[in-house]
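Listed below are the residues making up each chain.
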Amino acid sequence: MKIQTLTILGATGSIGSQTLDLVTRHPDRFEVYALTGHRKVEILAGQCRRFRPKVAVVADGEAARELKALLGQTNIEIRYGAQALEEISAESSVTTVVAGIVGSAGLRPILAAAKAGKRILLANKEPLVMTGALLIDLAKLHGAKLLPTDSEHNAIFQSLPDNGDTSGVTRLILTASGGPFRQMSLEAMAKVTPAQACAHPTWTMGRKISVDSATLMNKTLEVIEAHYLFGIPADRIEILVHPQSIIHSLVEYKDGSQLAQLGSPDMRTPIANVLAWPERIDAGVKKLELASIGQLTFEKPDYKRFPALGLGYEALKLGGTAPAILNAANEVAVEAFLAGGLRFTDIAHTAADVLAKLPSTPALDLATIMAADMQAREMAAGMIRALA
Ligand code: NAD
Ligand code: MG
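Just so it is clear, the structure is predicted and the values come from calculations on it, not from any experiment.

A. Representation of the sheet that holds strand β7 (residues 145–148). Taken in spatial order, the 7 strands make up an open sheet running β4-β3-β2-β1-β5-β6-β7, and their pairing is parallel. Unpaired on one side and paired on the other, β4 (77–80) and β7 mark the two borders of the sheet. With strand direction ignored, the average angle separating the axes of adjacent strands in the sheet is 20°. Pairing of strand β3 (residues 55–58) with β4, which is carried by 4 bridges, proceeds in the parallel orientation. Its bridge partner lying in β4, V55 is registered against E77. Contacts from helix α2 (residues 41–51) reach β2 (30–38) and β3 within the one sheet, and its direction differs from that of β2 by about 165°. Across the sheet, helix α13 (residues 268–276) is in contact with β1 (4–9), β2, β6 (119–122) and β7; its angle to β6 comes to roughly 170°.

Pasting the structure below:
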């Protein structure tokens, strides 16, 4: 067993802190090179005292001064800004980059890690949604390994043949808990608050992905994510509502077999799976006892009450920059909702309108994708202002 040296992007978040929990459990396997925390300086200071990284990265000069003041006399190098995130992701002593930043902010460090041929634990799905084949090809070209860390994609990863041969696969079935508003009427959904939207029934996550899980935008982004990660066309990727979040996704084969991965809803299982891959390590999670759960139930997704669900399929059909446009419009709308400036039900409407109005172009390079992302943000912001 070779020791892995980690850069943990977004260490202070839900994915990052659960990764550090696993590092604590396996000090013989992992050492920490860099931790990043953007503006969560106090949490990052605590993590720095505990894990003694070589480098800590925050958002800007002010946050860096705060961190320095909190750490006092220290030999941890304190850095800030987007460039620093790219450098710690490409640093030669680093073997493994944990992509735990939320949203498009994680894109450039992931690209840097891909170009440097790292093992990348891909939790941060938005950058893959934005860049699609570009990121997949870049990783291949430079010998980087993209390890699916999102629970559904990790379940599929575990249920696919080890040799990567998908010729026998007929469908990928992504499970969805249905979120906190699974049984709520559209009228009632129009009035929900950010606190209600962030109270997920089965998972504890950051605020942005919690809102995405409530609109089910998260699931449609996951369809795009699965399409690019596993090379399966969108018309063979289905969504199945499974409120208990025990079956994390399924792969169906030509002979009628469906293989699934089951586990307690605890992200430390998929994170441990990719951290140790191809080995297995103890993740500290509660053992799954199916007898005490008793029943697993399934429902068809409701595309009427959750219009976000269809948008990922639509974006893949449009192709090119459309997934980046969808992602950007959604990021702006979720931010506005969390700030109290947009109704919950208008998140999906805004994303749908921007996707319909902004023409997609071939996503040939990063500049084209970033231009589409910017245009989609401006259009979404304009629409939200008009609604206020
Ligand atoms: P979170 O909000 O808990 O943490 C986000 C992290 O990113 C924090 O460390 C924060 O400081 C940092 N960050 C925020 N904005 C930044 C910026 N502009 N620049 C640099 N760093 C920034 O989010 P999370 O729930 O841990 O989710 C992280 C990613 O993983 C998301 O893309 C999410 O979709 C994905 N994911 C999360 C879960 C989960 O259970 N939390 C499951 C599957 C996938
Ligand atoms: Mg998921």
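B. Geometry of helix α17 (residues 345–357). Here α17 is 13 residues long and its end C-alpha atoms lie 19 Å apart, about the 18 Å a rise of 1.5 Å per residue gives. Of all the residues in α17, the buried ones are T345, D346, I347, A348, T350, A351, V354 and L355.

C. Region of interest: the nonpolar core. Residues L172, F230, L326 and F344 are the most contacted members of the largest nonpolar core, which totals 124 residues. At 11 residues, helix α16 (residues 322–338) tops the list of elements feeding residues into this core. Non-local contacts of L172, meaning those with residues more than four positions away in its chain, are made with I156, A226, F230, I232, R236, I237, E238, L250 and V251.

Rules and cut-offs
Residues numbered from 1 in each chain as written. Chains lettered and ligands numbered in written order. Predicted model: local features only at pLDDT ≥ 70, side-chain atom pairs only at ≥ 80, totals over all residues. Heavy atoms only, no water. Pairing = 2+ DSSP bridges. Helix = DSSP H or I, 4+ residues; strand = E, 2+ residues; numbered from the N terminus. Axes fitted to C-alpha atoms, helices over the stretch in contact; angles between N-to-C directions. Contact = heavy atoms within 4.5 Å. Expected span 1.5 Å × (residues − 1). Buried < 20%, exposed > 50% of the residue type's maximum accessible area, 1.4 Å probe, protein only. Core = buried A, V, L, I, M, F, W, Y, C linked by side-chain atoms within 4.5 Å.

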